[in-house]
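Examination of the molecular architecture
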Amino acid sequence: DAGVIQSPRHEVTEMGQEVTLRCKPISGHNSLFWYRQTMMRGLELLIYFNNNVPIDDSGMPEDRFSAKMPNASFSTLKIQPSEPRDSAVYFCASSFGSGEDEQYFGPGTRLTVT
Amino acid sequence: QKEVEQDPGPLSVPEGAIVSLNCTYSNSAFQYFMWYRQYSRKGPELLMYTYSSGNKEDGRFTAQVDKSSKYISLFIRDSQPSDSATYLCATTGNQFYFGTGTSLTVIP
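A brief structural summary. (Residues numbered from 1 in each chain as written. Chains lettered and ligands numbered in written order. Predicted model: local features only at pLDDT ≥ 70, side-chain atom pairs only at ≥ 80, totals over all residues. Heavy atoms only, no water.)

**Brief notes about the overall build of chain B**
What counts, and what does not: Every helix listed is a DSSP run of H or I at least four residues long, and every strand listed is a run of E at least two residues long, numbered separately from the N terminus. We compute the radius of gyration over the C-alpha atoms and compare it with the globule rule, which gives 2.2 Å times the number of residues raised to the power 0.38. Residue burial is assigned from relative accessible area. The probe radius is 1.4 Å, only protein chains are included, and a residue is buried under 20% of its type maximum, exposed over 50%, and partly exposed in between. Contacts between residues were defined by any pair of non-hydrogen atoms, one from each residue, lying within 4.5 Å. Using a 1.4 Å probe, the Shrake-Rupley method yields the accessible areas, and only the shown protein chains count as cover for residues.
Summing up its helical and strand segments, chain B has zero helices and eleven strands in all. Each helix and strand of chain B, ordered N terminal to C terminal, gives the series β-β-β-β-β-β-β-β-β-β-β. In terms of overall size, chain B behaves like a compact globule, its C-alpha atoms giving a radius of gyration of 13 Å where 108 residues would be expected to give roughly 13 Å. Burial status across chain B gives 44% buried among its 108 residues. Of the contacts formed within chain B by residues at least 6 apart in sequence, a portion of 52% connects residues at least 24 apart. When the accessible surface of chain B is totalled, it reaches about 5100 Å², and 48% of it is carbon and sulfur.

In C-alpha cells, the structure reads:
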C-alpha cells in the first residue's frame, strides 16, 4: 500500500490567493482527518470525515477554510483567501473505522503564505 | 485545560541512555492511548498503541498507562541516534487528542 498521499508537498503563495491541498487516503479506510501543525500550537484537528461525511469541523479556524470529500479516495482542504498566519504544515490522516482507531498520516504539505 | 498535556522539552541524552517521555490527560473516560514518532519534515507514525492501564512492550520501547493518575509514559531503553525525533502522545474519546510533542535528541 502506498500509504496516505498528499499533494503538493510544498506550497508557497501570496496573501489573498486561494490554496487547495489534496489527500488520497489509504484504500479501505473509512475515516479521514485534516490536521494543522505549528510550533506554537502543535497538532490541531481541523476536520474529520467518516464515510465521506463531515463529522466534526469544529477545529476549522474560520470561514476561509473549507474541506470536501467527494468520494472515498479523495479529499481537499481549501483556504480562500490565504493569510500569512495560515503558514503551517497540513497533514491528512486516515483510519479504518469510525475515527477512534489508529491513524496513518501522510507526509504533509508545508504551506508558506507571504 | 487541554485534553492532553505534554512537556515539549527539548530532551537531549547520550546514546545508550534510558529515556522517559510523559503525558497527562484530563478525562478519566479515555481508554486508548498511543505514542507517535515524528521525524523532521515527516508525518507522525504510530509507535505504540495501548488499551486501558498497564504496560506494553515492543523491543526497546515500553508504553505505560496509569489511569489512577491519568499519566502515560513511553520508555526507550538503550537509546540510539535514530531515535532522535519528536514523540507525540495521543488518546481518544469521541475524537483524537494529541499532545504537543517532546523533541528528543540522542547524542552519539
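Moving on from the coordinates now.
**What to know about the pattern of salt bridges**
Heads up, the rule is: By salt bridge we mean one thing: a side-chain nitrogen of Lys or Arg within 4 Å of a carboxyl oxygen of Asp or Glu.
Following the criterion strictly, the structure yields eleven salt bridges over all chains and no others. Ionic pairing is found between Arg 85 of chain A and Glu 62 of chain A, a salt bridge with its closest N-O pair at 3.2 Å. A residue pair is termed long-range when its members are at least 10 positions apart, and Arg 85 of chain A in the loop between strand 8 (74-79) and strand 9 (88-95) and Glu 62 of chain A in the loop between strand 6 (53-56) and strand 7 (65-71) qualify at 23 residues. Judged by its relative accessible area of 26%, Glu 62 of chain A is partly exposed. The shortest N-O distance in the salt bridge between Glu 57 of chain B and Arg 77 of chain B comes to 3.4 Å. Placement of Glu 57 of chain B in strand 6 (residues 54-58) and of Arg 77 of chain B in the loop between strand 8 (71-76) and strand 9 (85-92) is noted, with a sequence separation of 20 residues between them. With a relative accessible area of 30%, Arg 77 of chain B lands in the partly exposed category.

**Some remarks on the layout of surface pockets**
Applicable threshold: In this analysis a 1.4 Å probe is tested at points of a 1 Å grid over the protein atoms alone, and where it fits but cannot get out there is a cavity; an open set with protein on both sides within 12 Å along at least five of seven lines is a pocket; lining residues have an atom within 4 Å of a point. Grid points are joined across faces, edges and corners, and a volume is the space filled by probe spheres set on the points. Only Asp, Glu, Lys and Arg are considered charged, only Ala, Val, Leu, Ile, Met, Phe, Trp, Tyr, Cys and Pro nonpolar, and every remaining residue, Gly among them, polar.
By volume, the largest pocket amounts to about 630 Å³. The wall of the largest pocket is formed by 27 residues, among which Gln 37, Thr 38 and Met 39 of chain A together with Gln 38 and Thr 86 of chain B lie closest to the centre. Partitioning the lining of the largest pocket into residue classes produces nine nonpolar, 14 polar and four charged. Considering only enclosed or pocket space, the second largest pocket measures out at about 350 Å³ in volume. Around the second largest pocket, the lining is made up of 16 residues, and of these Leu 43, Glu 44 and Leu 45 of chain A together with Glu 3 and Tyr 97 of chain B lie nearest the centre.

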